[in-house]
Amino acid sequence: MMTAVRARDAGEAGKDLSRAATSGFVWLLVQSFAARGIGFFSQLILARLLLPADFGAIGLAYTVTGVANSLVSFGVDDVLLQRQKSIRWWSTPAFWLCLGLGTLGMVVMIAAAPFAARWYHAPELVGLIAAIAVATPLRTLATVPAVRIRAEMDFRFLATFNTFDIFALQVLTIVFAACGLGAYSFAIPFPILAAVRAVWFWRRSPPEIRNRARVVQLRYLMSNSSVVFLTKTLIEIVNQGDYIVLGLIASQSIVGFYFFAFRFSVQPVRMLAGNFTNVLFPALAQLRYDPARQTQAAVKACRLLAFLVMPFCFLQAALARPGLHLLFGERWMDAVPYVQILSIGLPFDAISWITGALLSARREFRRAFVYALVSTPAFFGLVLLGAWLGQAMGVAIAVGVYYFVYPPATSFLVLCKSGVSWRAVVDFYLSPSALAAVAVGLGQLGAASSAFAGHDFAQCMVIGVACCVAYPALVFVFKRDMFEQIAQRFRNMSGKLGRKLSAA
């Protein structure tokens, strides 16, 4: 009798969790499309207001601030989210630990700024890094409230704020660029919006913070967060590794072309993979004691994400040349090869975001650290080889090869160890990439016709329409189950979104 009751309760809890995750994905999907639109138009405006050297300067500044910002939470947010039922007891030590490390991160960035300026022969980096550094301790003020909101799975609030944050960031950047502040246009908005985030999150979910934290709790958080911290630091070093190498071998303008291309290329991946992870991780954490359902949820998310992100990125690569020429003429054409290479490589990294969330939900932090530890020399080895063989273009190719090989390999290891067949994992990558390549190839064949030669807008339309028609048709023919799953998801989401908007 008790077994039946527990099974029924588990089933009801599972349904509630599924509804919460689906609802969260609806809101974050809306936020994603809003962010994509805002980011796209902002990129167009900034590309007209700023020079490639301005993009290069901020890209080099991020090599310092990006790595130092891994100090901000020390992995405390991931560990704290595992304590969903007792977060209030851990809020005080988590808050003081994050604030202390955030302040330390600011000091480290400011101290490192002069050395970075000499390293890259770019004196303007001192002020840029200092401006971004001020935001670091301010951001930590929102860490504990943000974890509480994620634990409650209130993705509507998160989607609303994130949309505002993205919009405000882009508007402020454009305003400062129009005022002639150059690369500082990217840096100055960070402390302003960090303060706004802290106030907004504390009003929504104020934690109970005492004046002192128990030493035993601090030791626990630091011991459990240290591996997460090291993992995030290595990942951030890899994320900035291409800029570090480019800053040493290429001019600031070349770095600017590459930075522009990466910002442009990475948006679909961050839009889809980032939101999948934000919704999925709290749900996976709640399923920690049911590994079979946890794995099943991760597999479904991997398949769905792969079939959504691949066509976005492949289409982006196909549209790069006519699209950038249509918008900017010859000004940004040097960025086209970088956009094409990165757009093809980055979607293969997307699934690893989900398998990384699966490892965190299972508290396999040391295993994630091992993967990050191996990835660092592998990435730098490829990038340095690419720089030696082909300068900036070689670096871009090396980054594309890395994303094509290493993240899928780690996802393969994680999922196969969880009982997923290797054929299923290979299919995550092979089927959507092959279908997307065929669909985009058909569009490019049509655009290559002499009738559209020299007409950028017409070529963009032919490629876009052909891909949007051919890809769903190919999925329908060759992956009917996936087509029906995606269609059902969008029907459900559109219905939920309509009801939520009408009730709002």
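Up top you'll find the structure we're talking about.
Nothing here was measured: the structure is a model prediction, and the numbers come from that model.

Side note on the environment of Cys416
If you trace the backbone, Cys416 turns up in helix α16 (residues 365-417). What makes Cys416 partly exposed here is its relative accessible area of 25%. Excluding residues within four positions of it along the chain, Cys416 makes contact with Ser421, Trp422 and Val425.

A few points about the nonpolar core
Core analysis: the biggest nonpolar cluster contains 114 residues, and Ile58, Leu125 and Tyr258 have the highest contact counts within it. Non-local contacts of Ile58, meaning those with residues more than four positions away in its chain, are made with Leu128, Ile132, Ala183, Phe186, Ala187 and Phe259. One finds Ala146, Ile149, Phe161 and Phe201 within the second-largest nonpolar core, a separate group that totals seven residues.

Description of the side chain of Asp456
With respect to the secondary-structure elements, Asp456 resides in helix α18 (residues 456-478). Of the side chains bearing the opposite charge, Arg321 lies closest to the buried Asp456, which forms no salt bridge; the N-O distance is 8.9 Å. Setting aside residues no more than four positions away along its own chain, Asp456 makes contact with Pro322, His325 and Leu326.

Structural notes on the packing of helix α13 (residues 291-328) against helix α15 (residues 347-361)
With their axes 8 Å apart at the nearest point, α13 and α15 run at an angle of 160° to one another. With respect to their mutual orientation, α13 and α15 come out roughly antiparallel. Pair α13 / α15 crosses with right-handed handedness. Contact with α13, carried on its side by Gln294, Ala298, Ala301, Cys302, Leu305, Ala306, Val309, Met310, Cys313 and Phe314, involves Pro347, Phe348, Ala350, Ile351, Ile354, Thr355, Leu358 and Ala361 of α15 and no other residues of that element.

Focus: the pattern of salt bridges
A full pass over the atoms with the stated rule returns four salt bridges. Between Asp427 and Lys479 there is a salt bridge, and its shortest N-O distance comes to 3.2 Å. One end of the pair, Asp427, is in helix α17 (residues 422-447); the other, Lys479, is in the loop between α18 and α19 (480-503), with 52 residues separating them in the sequence. For Asp427, a relative accessible area of 19% puts it in the buried group.

Describing the environment of Thr355
Mapped onto the fold, Thr355 is located in helix α15. For the pair Thr355 and Thr295, spaced 60 residues apart in sequence, the C-alpha separation works out to 9.5 Å. Contacts of Thr355, omitting those with residues within four sequence positions, involve Cys302, Ser411, Val414 and Leu415. For Thr355, the side chain forms a polar contact with the side chain of Ser411, separated by 3.1 Å.

Topic: the packing of aromatic side chains
For the structure on display, the rule yields 29 aromatic pairs. Ring centres 5.8 Å apart and planes at 90° place the aromatic pair Phe55 and Phe260 in the edge-to-face group. Taken together, the residues Phe55 in helix α2 (residues 52-68) and Phe260 in helix α12 (residues 252-286) connect sequence positions 205 residues apart. Between Tyr62 and Phe259, the ring centres sit 5.8 Å apart and the planes meet at 55°, which makes this aromatic pair tilted. Taken together, the residues span a long stretch of sequence, with Tyr62 in helix α2 and Phe259 in helix α12 at a distance of 197 residues. Here the basic side chain of Arg197 rests over the ring of Phe201, its NZ or CZ set 4.4 Å away from the ring centre.

Topic: unusual backbone geometry
The backbone of His121 sits at a positive phi, close to 55°, despite the residue not being glycine. Looking at where His121 falls in the secondary structure, it is placed in the loop between α4 (87-120) and α5 (125-133). The class of His121 is exposed, set by a relative accessible area of 71%. Phi is positive for Gln391, which is not a glycine, with a value near 50°.

Cut-offs applied
Residues numbered from 1 in each chain as written. Predicted model: local features only at pLDDT ≥ 70, side-chain atom pairs only at ≥ 80, totals over all residues. Heavy atoms only, no water. Helix = DSSP H or I, 4+ residues; strand = E, 2+ residues; numbered from the N terminus. Buried < 20%, exposed > 50% of the residue type's maximum accessible area, 1.4 Å probe, protein only. Contact = heavy atoms within 4.5 Å. Core = buried A, V, L, I, M, F, W, Y, C linked by side-chain atoms within 4.5 Å. Lys, Arg positive; Asp, Glu negative; His and termini not counted. Salt bridge = Lys/Arg side-chain N within 4 Å of Asp/Glu carboxyl O. Axes fitted to C-alpha atoms, helices over the stretch in contact; angles between N-to-C directions. Parallel < 35°, antiparallel > 145°, perpendicular 65-115°, else oblique. Left-handed = near helix turned anticlockwise from the far one by under 90°. Polar contact = N/O pair within 3.5 Å; in protein donor to acceptor, adjacent residues only side chain to side chain. Phe/Tyr/Trp six-rings, centres within 6.5 Å; stacked < 30°, edge-to-face > 60°. Lys NZ or Arg CZ within 6 Å of the ring centre and 35° of its normal.

Shape is all these values report; function is a separate question.
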